[in-house]
Amino acid sequence: MASIFDRSLKGVRAPHRKNTMDMETRRMPVPEKVYICMSQHMGPPCDILAEVGDEVKVGQIIGDSGAFLSAPIHSSVSGKVTGISEIIMPNGTRSKTLVIETDKKQTLHESVKPPSVTDRESFLKAVRAAGLVGLGGAGFPAHIKFNPKNLGEVDTLLINAAECEPYITSDYRTIMERAGDVLYGVETIMKWLDIKSCIIGIEDNKPEGIKKLRDMTKDMKGVTVQSLESRYPQGAEKVLIYETTGRIVPEGKLPADVGCIVNNISTVAQLAHYLRDGLPLIAKCVTVDGGAIASPGNIQALIGTPIREVIAFAGGYSKEPRKVLLGGPMMGVSVYDDGYPVQKNSNAILAMDENQVEGYAETACIRCGRCVRSCPMNLMPLRIEDCFNRGDNEGLMACKVNLCIECGCCAYSCPAKRHLVQMHRLAKQRLRQDQQKKKGA
Ligand code: SF4
Ligand code: SF4
């Protein structure tokens, strides 16, 4: 009998549906208005650095914060600030948002020029000035990632090109269209952080991408391209580290604690772009797909563009969508309003039709154990659910619910359609509140 710790059983083989992988990125025209949120990174929101009535230019800093986990926010357009509003983010939090009416001239701000990078300190300063955050995930500021306390012990730069979520192909388009930027970014990071080895991890459902990267890196010292089995969630940070290096990130530790710094491939390409031209992060390539999209494709949109305009550029809705997701079907979040703007870490907009969104009714757990077998973190979702329902916080801690990466493999595998991921989020929130109460007491 196979062990539940057998890695080959972990994760799920979800259909890839990479329908747009061979579609070149199309650039969207400048919209009439952009809506730029001050919460586009992990950590506290930025303070607004512009006022209603101000004229702003492309690349101008319009939001920043002195908080540790923050990154500056730049204007993606030239035009006039016409309002400051508050929008409700898909996760339910609120964010101050600058509304800018564009003049369509895209005049560059005077500060937009290539940074002077002469040593590690000036490199890290440039990374922060670029406003770079992890473009494929939670928006972790890149300059913090590049500056762990134990940098001297880091020996491997891992580039995440797995792009394991179904439908999404925006990172793949980066490989096919901007491989030169990727490699320049890799070289620069290795040089200034003094890292000798780099592994680019990419799933084997992208053979042309693997070939292109291998051809282009064959003379680069210390750089290898590692083909990974196409099995979701190969691109999850801890899974990628294990699959490429065999190292396990212990509970409460960071990738740097096992000698790795992990970066998304589009983040690295964007860094190269900033170092060459001085233009910070103002636009994102997003995959637009799903059964309710008339003409799926990859589209480069300015940050702050309402997603309904991106969808309109992709030919509009072909039918009434049942659900619009920001991100993939496994970890994406559903948006309640398609006026929500494109963010730094948006990588896909999926408009699903009624055939793709089934109204699942939960039934009782049949103790089949499929959720346990599929969990890449070796957790026991059925036991977590028992503890959650009993209000047993100590049991939740013992089950290590805090290690759940919310990948959705358990819910995907569950024949009873238990809403396991939502329950894990609530369980984690309950533990946080419990700890805060104890601290207060
Ligand atoms: S959502 Fe959490 S518990 Fe479920 S499979 Fe992923 S890591 Fe495991
Ligand atoms: S997969 Fe679903 S039905 Fe099976 S044990 Fe887990 S929660 Fe229960």
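Keep in mind that this is a model prediction, so the values were computed, not measured.

1. Observations regarding the overall build of the protein
Argument step 1. Broken down by element type, the protein carries 12 helices and 17 strands.
Argument step 2. Taking 22 Å as the expected radius of gyration for a compact globule of 441 residues, we find that the protein reaches 22 Å, a close match to that expectation.
Argument step 3. With respect to the principal axes defined by its C-alpha atoms, the protein has extents near 65 × 55 × 50 Å.
Argument step 4. A separation of at least 24 residues holds for 73% of the contacts in the protein among residues at least 6 apart in sequence.
Argument step 5. For the protein, the distance from the average position of its 56 positive side-chain charges to the average position of its 50 negative side-chain charges is 4 Å.

2. Section: the sheet that holds strand β7 (residues 79-88)
Argument step 1. What the 4 strands build is an open sheet, ordered β2-β8-β7-β4; its pairing is antiparallel. The open sheet terminates on both sides in strands that have one partner only, identified here as β2 (33-37) and β4 (55-56).
Argument step 2. Sheet topology places β4 next to β7; 2 bridges connect them, and they run antiparallel. Residue pairing for β7: Glu55 is matched across the bridge by Lys80.

3. Some words on the site of ligand 2
Argument step 1. If you check the shell around ligand 2, you find Cys365, Ile366, Arg367, Cys368, Gly369, Arg370, Cys371, Leu382, Cys414, Pro415, Ala416 and Arg418 and nothing else.
Argument step 2. By residue class, the composition of the shell around ligand 2 is 8 nonpolar, 1 polar and 3 charged.

4. Some words on helix α6 (residues 265-277)
Argument step 1. In a regular helix each residue adds 1.5 Å, so 13 residues correspond to 18 Å; α6 covers 19 Å between its end C-alpha atoms and thus fits that length.
Argument step 2. Within the span of α6, buried status applies to Ile265, Ser266, Thr267, Val268, Ala269, Gln270, Leu271, Ala272, Tyr274 and Leu275.
Argument step 3. Taking the backbone nitrogen of Ser266 as reference, a side-chain oxygen 2.8 Å away marks Asn264 as the first, capping residue of α6.
Argument step 4. Remark: Gly278 follows α6 within two positions and exhibits a positive phi of approximately 80 degrees.

5. Here's the deal with the pattern of salt bridges
Argument step 1. Overall, the coordinates contain 25 salt bridges when judged by the stated rule.
Argument step 2. The residue Lys104 makes a salt bridge to Glu32 at a minimum N-O spacing of 2.9 Å. With Lys104 in the loop between β8 (94-102) and α1 (120-129) and Glu32 in the loop between β1 (26-27) and β2, this residue pair connects regions lying 72 residues apart in the sequence.
Argument step 3. Looking at Lys104, the relative accessible area reads 42%, which means it is partly exposed.
Argument step 4. Glu86 is the salt-bridge partner of Lys96, the closest N and O atoms lying 3.8 Å from each other. Note that Lys96 is positioned in strand β8 and Glu86 in strand β7, a separation of 10 residues in sequence.
Argument step 5. We classify Lys96 as partly exposed; its relative accessible area is 45%.
Argument step 6. A relative accessible area of 44% means that Glu86 is categorised as partly exposed.

6. Concerning a negative patch on the surface
Argument step 1. Where like charges cluster on the molecular surface, the negative patch consists of Glu51, Asp54, Glu55 and Asp103.
Argument step 2. The residue Asp103 is located in the loop between β8 and α1 in this model.

7. Description of the nonpolar core
Argument step 1. Core analysis: the biggest nonpolar cluster contains 43 residues, and Phe123, Phe146, Leu157, Val186 and Ile200 have the highest contact counts within it.
Argument step 2. The set of elements that each furnish at least two residues to this core consists of α1, β9 (156-160), α3 (170-193), β10 (197-203), α4 (207-217), β11 (223-228) and α6.
Argument step 3. Looking at which element gives the most residues to this core, the answer is α3, with 8 residues.
Argument step 4. Those residues within four positions of Val186 in sequence are excluded, and the remaining contacts are Leu157, Ile159, Cys198, Met220, Val223 and Val268.

8. A short note on the domain arrangement of the protein
Argument step 1. Segmentation of the protein into domains returns domain 1 (26-107 + 283-352), domain 2 (120-277) and domain 3 (361-440).
Argument step 2. Between the C-alpha centres of domain 1 and domain 2 there is a distance of 24 Å.
Argument step 3. With 30 residues of domain 1 at the interface, the matching set in domain 2 holds 24 residues.
Argument step 4. Together domain 1 and domain 2 conceal approximately 2000 Å² of surface at their shared face, both sides included; 61% is due to carbon and sulfur atoms.
Argument step 5. One salt bridge in this structure joins Asp64 and Arg128, with 3.0 Å as the shortest N-O distance.
Argument step 6. Taken together, the connections running from domain 1 to domain 2 amount to 13 residue pairs in polar contact (both at pLDDT 80 or more).
Argument step 7. Mapped onto the side of domain 1 that touches domain 2, the elements with two or more residues apiece are β13 (283-289) and β17 (348-352).
Argument step 8. Looking at the side of domain 1 that touches domain 2 element by element, the count peaks at 5 residues for β13.

9. Some words on the packing of aromatic side chains
Argument step 1. Scanning the entire structure with this criterion turns up 1 aromatic pair.
Argument step 2. Looking at Arg276, its charged tip hangs above the ring of Tyr184, at a distance of 4.5 Å from the centre.

10. A look at helix α9 (residues 381-390)
Argument step 1. For α9, the complete set of buried residues consists of Pro381, Leu382, Ile384, Glu385, Cys387 and Phe388.
Argument step 2. Contacts from the buried residues of α9 go to α8 (370-374), α10 (393-398), α11 (409-413) and α12 (420-440).
Argument step 3. Backbone geometry just downstream of α9 places Gly391 in the positive-phi region, at approximately 70 degrees.

11. Observations regarding the pairing of β10
Argument step 1. Buried residues dominate β10, accounting for 6 of its 7 residues.
Argument step 2. Pairing geometry for β9 and β10, over 5 bridges, is parallel. The residue bridging Thr156 from the neighbouring strand is Ser197, located in β10.
Argument step 3. Crossover handedness for the path β9 to α3 to β10: right-handed.
Argument step 4. Crossover β10 to β11 through α4 is right-handed.

Criteria and thresholds
- Residues numbered from 1 in each chain as written.
- Chains lettered and ligands numbered in written order.
- Predicted model: local features only at pLDDT ≥ 70, side-chain atom pairs only at ≥ 80, totals over all residues.
- Heavy atoms only, no water.
- Helix = DSSP H or I, 4+ residues; strand = E, 2+ residues; numbered from the N terminus.
- Rg over C-alpha atoms; globule rule 2.2 N^0.38 Å.
- Contact = heavy atoms within 4.5 Å.
- Lys, Arg positive; Asp, Glu negative; His and termini not counted.
- Charge placed at Lys NZ, Arg CZ, Asp CG, Glu CD.
- Pairing = 2+ DSSP bridges.
- Near = heavy atom within 4 Å.
- Nonpolar A, V, L, I, M, F, W, Y, C, P; charged D, E, K, R; others polar.
- Expected span 1.5 Å × (residues − 1).
- Buried < 20%, exposed > 50% of the residue type's maximum accessible area, 1.4 Å probe, protein only.
- Polar contact = N/O pair within 3.5 Å; in protein donor to acceptor, adjacent residues only side chain to side chain.
- Salt bridge = Lys/Arg side-chain N within 4 Å of Asp/Glu carboxyl O.
- Patch = residues over 30% accessible without salt bridge, like charges linked within 9 Å, V, L, I, M, F, W, Y side chains within 5 Å.
- Areas by Shrake-Rupley, 256 points an atom, 1.4 Å probe, with all protein chains shown as cover.
- Core = buried A, V, L, I, M, F, W, Y, C linked by side-chain atoms within 4.5 Å.
- Domains from an automatic or database assignment.
- Buried area = accessible area lost by both parts, 1.4 Å probe.
- Phe/Tyr/Trp six-rings, centres within 6.5 Å; stacked < 30°, edge-to-face > 60°.
- Lys NZ or Arg CZ within 6 Å of the ring centre and 35° of its normal.
- Right-handed = clockwise from strand over helix to strand, strands pointing away.

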